[in-house]
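# Structural characterization, general
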Amino acid sequence: MPGGAPPEKGNGAMFSGRYRIFFILGGLLGALSSCLPLEAARIVSLSPAVTELIFHLGRGQDLVGRSSACDYPPAARSLPVAGDFARPSTEKLLALRPDVVITNELIVPAAANALRQYGIKVLFLPCRSIAEYRATCRAVGKVTGAEDEAKTEIERIDGFVRACAKWPRLDRNILCLIWFQPVLAAGENTLIRELIRLVGADCCGVQGATGYFKPSAEFLLRCGADTLLVFEDPALFRKHPVLRHLDAVKKGRVVYFPHGKLLERPGPRFTEGVLKLREALEK
Amino acid sequence: MRKISCRLLTAAALLAAAILLLASARGGLEGPGADVLLRFRLFRSLLGFLVGGSLALSGAIFQAVFRNPLADPYILGISSGAAAGAAAVFVFVPAGLLFLCVPAGALAGALATLGAVLVISGGGRSADRLLLSGVVTGIVVSSLLIYLISLSDSSQLAGVTWWILGDLQGATPALLAALAGLAAGILAAVQFFSNELNALAVGDEAAMTRGVAVRKARLFFVIAASLLASSCVAAAGIIGFAGLVVPHIVRLLAGSDHRRILPAVFLSGGCFLQLCDLTAVALSGAKETPVGVVCSCAGGILFLVLLAKRRRQA
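Residues numbered from 1 in each chain as written. Chains lettered and ligands numbered in written order. Predicted model: local features only at pLDDT ≥ 70, side-chain atom pairs only at ≥ 80, totals over all residues.

## A word on the overall build of chain A
Rules: The helix and strand labels rest on DSSP assignments: H or I over at least four residues marks a helix, E over at least two residues marks a strand, and numbering proceeds from the N terminus. Partly exposed residues are those whose C-beta has more than 12 but fewer than 20 other C-beta atoms within 10 Å; with 20 or more the residue is buried, with 12 or fewer it is exposed, and the C-beta atoms are placed from the backbone. Note on contacts: each residue gets a C-beta atom placed from the backbone, and two residues are in contact if those atoms are within 7 Å.
Counting secondary structure elements, chain A contains 13 helices and 10 strands. Across the 283 residues that make up chain A, the buried fraction comes to 39%. Counting contacts in chain A only where the partners sit at least 6 residues apart, residues at least 24 apart contribute 52% of the total.

## Quick notes on the sheet that holds strand S3 (residues 100-103) of chain A
Residue and element names in this part refer to chain A. What counts here: Strand pairing is assigned whenever DSSP identifies at least 2 bridges connecting the two strands. Between N-to-C directions, angles span 0 to 180 degrees; the directions come from axes that are lines fitted to C-alpha atoms, helices contributing only their stretch in contact.
Read from one edge of the open sheet, four strands run S2-S1-S3-S4, paired in parallel fashion. Each having just a single partner strand, strand S2 (63-66) and strand S4 (121-124) make up the two edges of the open sheet. Taken over all neighbouring pairs, the strand axes of this sheet differ in orientation by 20° on average, direction set aside. Running at roughly 135° to strand S1 (residues 43-45), helix H3 (residues 48-56) makes contact with S1, S2 and S3 of the sheet.

## Some remarks on helix H13 (residues 291-313) of chain B
All names here are of chain B. Under the convention used in this document: The span expected for a helix works out to 1.5 Å for each residue beyond the first.
An ideal rise of 1.5 Å per residue puts 33 Å on 23 residues; H13 measures up with 33 Å between its terminal C-alpha atoms. Residues Val291, Gly292, Val294, Cys295, Ser296 and Gly299 constitute the buried set of H13. Looking at the buried positions of H13, the neighbouring elements they touch are helix H11 (242-254) and helix H12 (258-283).

## Let's talk about the nonpolar core
Defined as follows: We call a set of buried Ala, Val, Leu, Ile, Met, Phe, Trp, Tyr and Cys residues a nonpolar core when their C-beta atoms link them within 7 Å.
Counting 151 residues, the largest nonpolar core has Cys176(A), Leu177(A), Leu195(A), Ile61(B), Ala86(B) and Val265(B) as its most contacted members. In terms of residue count, helix H2 (residues 34-66) of chain B provides more of this core than any other element does, 17 residues in total. With 27 residues, the next largest nonpolar core counts Ile43(A), Ile54(A), Leu63(A) and Ile102(A) among its residues.

## Description of the interface of chain A and chain B
Rules: Each residue receives one of three labels: charged for Asp, Glu, Lys and Arg, nonpolar for Ala, Val, Leu, Ile, Met, Phe, Trp, Tyr, Cys and Pro, and polar for the others, Gly being one of them.
In this complex, chain A contributes 24 residues to the contact, which on the side of chain B involves 22 residues. The element best represented in the side of chain A that touches chain B is helix H9 (residues 217-222) of chain A, accounting for five residues. For the side of chain A that touches chain B, the class distribution of residues is 13 nonpolar, four polar and seven charged.

## Regarding the domain arrangement of chain A
Residues and elements named next belong to chain A. What counts, and what does not: Domain start and stop positions are those given by an automatic or database domain assignment.
The domains assigned to chain A are domain 1 (43-162) and domain 2 (168-282). With 14 residues of domain 1 in contact, the opposing surface of domain 2 contributes 11 residues. Those elements giving two or more residues to the side of domain 1 that touches domain 2 turn out to be H3, helix H6 (130-144) and helix H7 (147-165). When residues in the side of domain 1 that touches domain 2 are grouped by element, the largest group, five residues, is from H3. When its residues are assigned to classes, the side of domain 1 that touches domain 2 shows eight nonpolar, two polar and four charged.

## Considerations on the pairing of S2(A)
Residues and elements named next belong to chain A. For clarity, the threshold we go by: Look down the strands so they point away from you; if going from the first strand over the helix to the second traces a clockwise path, that crossover is right-handed.
Alignment of S1 against S2, held across three bridges, turns out to be parallel. The residue bridging isoleucine 43 from the neighbouring strand is leucine 63, located in S2. A crossover connection joins S1 to the parallel S2 through H3; in handedness this β-α-β unit is right-handed.

Written out as structure tokens, the structure is:
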């Protein structure tokens, strides 16, 4: 061949003779492994609630990474951090060599796509209600091979909800403010409002506003809430140009709940949050 | 197009501002909390008037100094500096101090940006150099803002985002008094030197032939306009387009003699933002509609109408 390039080996030679047997054996092994139960997957959880759940199900050893927001249980803090829960570092995630990354809908789409490109399974587990928590339990149980433990957890939750339904009603119409600069209120389709109702109190009407929203001053002054549930120091609210004029603030019906994470985070500890909230509202 | 008298325009804008103030105090004022709501709406409308007027005045000054119809109060990167200052407060300052520190941080960020622009441009030696320094400083400060946003957690991010969208809810008597004093002082000073502003609007050489100390005059007007913009951003966040479109409308109606139009620009800008705020309140249910969004939307449409009109005239 002029030019000195070595002659190429025909590809056909690779797939003939004794090599063929290796390919066939490899294919058979691959097919067989897919039928076998999953080995312990290397999991990175970017969702604080799911991290708590995995530890709660006794599978903390499967976790190889977490997000900076995953701060409970204390054992989780020793895991490597793969970035923010919504904006993970792809490089750090790849370095952890996970099989599965569990996240929610808040993750930046580009980050999820990048992970998929490297063959990492990305599991989206939205968790904004008790019903979604049950679904999350099932999904996490399946991924970690802890399906029995997940079933037990679902039964625990169902039993707790049934017990709450028997509690006497509380005469309170509550507006929950999770933040004050800017003021952010819990609207429909938030776990907090579901848990307030579970406690036995009423939730102030929010005119169809969903999620966490910035309420208008007119709404705040007219919403008719007789109790404010706040996760920040109430002294801060008294300085606010609108909030300080609310009836609930003037009459001192502001319930400071320092365990906001228990209500905001749809994890196994929300039952503890409900008990503490009931106690705080009964005072 | 026949120009209308500046006095007539000023009187009409003053009347409109009063009507809008009264309109803001009407409707839905029965039931509990009515007195609080009335006071709140009046304060809010007054803050809208002062911020809108100050931004329009600042825009008119920048457009004259830079002889650039696209100049607005934020052309020297003031808004980016203020946003970076506010974002730094949200990220690094404890929650209990946010009420005081956010406006202070925004003001400090805006003034620091202005200082940097003046230093980089060599004290405003030429309008082009000043403009270029402003644009470059704005870009650098914007990157700092983005970095601060990347450091923020979800609650801090919500704070920065809502601050950037503009908000008139923080109106207090002390804030209104401070802003009114500053706006009145700067309006009086700029009106006093409006001959110099007219000369600068024609060009540096023409101004020099009229005996204007160009560099000093430019520096004075740039600092005055930037102070107005900085105080507005610190009080109400970033509200766009009011400072760009209102001076154009006033010039179209009443001519471009700054000796006559500056009070009309201030009053018209105030009316414009009051009207935008009324619209925002009307659009708000439980969720607040940001006034900055309404203002940008209305200002953008008005600006397009003006452009189309000028094209037709040309």
